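Here is what each chain is made of, one letter per residue.
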Amino acid sequence: MAVVVLGSINMDLTTYVPRLPAPGETLFGSSFITVPGGKGFNQAVAAGRLGAPTQFIGRVGDDAFGKGVLELVADEPVDISGILVDPDSGTGLAVISVDEAAENAIIVISGANMTHDGREVARTREALQSANVLLLQMESPLETSLAAAQAAQDTGATVIFDPAPAKPLPAEAYQLCHVMTPNELETEVLVGFRPANQTEAAKAAEILLERGVDTAVIKLGAQGVYYQSAAESGFVEPFTVNAIDTVAAGDAFNGGLAVALAEERPLPEAIRWGAAAGALATTKPGASSAMPTRAELEQLLKK
């Protein structure tokens, strides 16, 4: 089966530095890369590279960055026919610094990503006629994402909602979401406390389920992933890898989870797929460029 991703697409301008600068400080960096990014497109690339037929719905500006993004993404295993070129907006940009400990600081200029409207919803609805999973995030207008989630409900598709960047959500968002995948910080914004262990993650998951989410997936960073639904719960230990850049690890997680669910794999296995994909993404520089392949994921899962 197939995956549809509605969300953001950016040009990422990434610098690698010894440490993140303090306010007012100038540092010399070691290298610089320019690659496509945006949570939505990163997740689409992850799903495509992991083997699912994937269509991305989004918007770029009619500018040099937009032309550059479209040229760079043309070789990815993703259907990009759903990308609209907006003559009235600039392409989304992300300015990223990554330090030697693989920590990052990111400034996002949303541009065309925040101009999504009914046209994106219509393209998503059409794409869902041949897909069974919809991936959503928070780098485009929430009302557009919720309308797309309703379209997915109408077609019977599973809605995976990544509530990032974090902000409080209306009740409707929980009720239209089948799977919600916050990290510790996003969980704190949603439920009022930051889970530091499995016990606290379980308490947070209970709150999300009470609000209407079918399955809550709490990502605890280097500690692992806790998941809970009405029928089952569990914890996936982190995979051990040599991390150099954590920028798009969460996006890779969602892409891996989406592909596993699209293939109708059991929930515990789908969470492991997400965790493995997220770990692999930290071993490469960049955002969409760091998304793992199916062969890489299967090799890590065997270890």
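Described in the following lines is the structure provided in the data block. (Residues numbered from 1 in each chain as written. Predicted model: local features only at pLDDT ≥ 70, side-chain atom pairs only at ≥ 80, totals over all residues. Heavy atoms only, no water.)

Observations concerning the packing of helix H3 (residues 118–127) against helix H4 (residues 142–155)
Moving on, step 1. Here H3 crosses H4 at 25°, and the two axes come no closer than 9 Å. Classified by the interaxial angle, the pair formed by H3 and H4 is roughly parallel. Where H3 crosses over H4, the two elements pack in a sense that is right-handed. Counted together, Glu 120, Val 121, Thr 124 and Arg 125 of H3 and Thr 144, Ala 147, Ala 148, Ala 151 and Asp 154 of H4 form the full contact between these two elements.
Moving on, step 2. Partitioned by chemical class, the residues of the contact of H3 with H4 number four nonpolar, two polar and three charged. (Axes fitted to C-alpha atoms, helices over the stretch in contact; angles between N-to-C directions. Helix = DSSP H or I, 4+ residues; strand = E, 2+ residues; numbered from the N terminus. Parallel < 35°, antiparallel > 145°, perpendicular 65-115°, else oblique. Left-handed = near helix turned anticlockwise from the far one by under 90°. Contact = heavy atoms within 4.5 Å. Nonpolar A, V, L, I, M, F, W, Y, C, P; charged D, E, K, R; others polar.)

Structural notes on the nonpolar core
Moving on, step 1. Counting 57 residues, the largest nonpolar core has Val 3, Ile 9, Phe 56, Ile 160, Leu 257, Ile 271 and Leu 297 as the members making the most contacts within it.
Moving on, step 2. The biggest single contributor to this core is helix H9 (residues 267–281), with 10 residues.
Moving on, step 3. In contact with Val 3, other than residues within four places in its own chain, are Ala 47, Ala 52, Pro 53, Thr 54, Gln 55, Ala 131, Val 133, Leu 135, Ala 258 and Ala 262.
Moving on, step 4. Counting 38 residues, the second-largest nonpolar core is a separate cluster that includes Leu 134, Leu 169, Val 191 and Leu 208. (Core = buried A, V, L, I, M, F, W, Y, C linked by side-chain atoms within 4.5 Å. Buried < 20%, exposed > 50% of the residue type's maximum accessible area, 1.4 Å probe, protein only.)

Looking at the layout of surface pockets
Empty pockets left among the atoms are what a rolling probe the size of a water molecule brings to light.
Moving on, step 1. Space inside the largest pocket adds up to approximately 1400 Å³.
Moving on, step 2. The wall of the largest pocket is formed by 50 residues, among which Asn 183, Thr 246, Val 247, Ala 249 and Gly 250 lie closest to the centre.
Moving on, step 3. Elements with a minimum of two residues in the lining of the largest pocket: strand S2 (10–16), helix H1 (39–49), strand S6 (92–98), strand S7 (104–109), helix H6 (184–191), helix H8 (249–262) and H9. (1 Å grid on protein atoms, 1.4 Å probe; cavity = no way out; pocket = protein on both sides within 12 Å on 5 of 7 lines; lining within 4 Å. Points joined across faces, edges and corners; volume = space filled by probe spheres on them.)

Some words on H9
Moving on, step 1. For H9, with 15 residues, the first-to-last C-alpha span of 21 Å sits near the 21 Å given by 1.5 Å per residue.
Moving on, step 2. Looking at the buried residues of H9, the elements they touch are strand S11 (215–219), strand S12 (225–229), strand S13 (233–236), H8 and helix H10 (294–302). (Expected span 1.5 Å × (residues − 1).)

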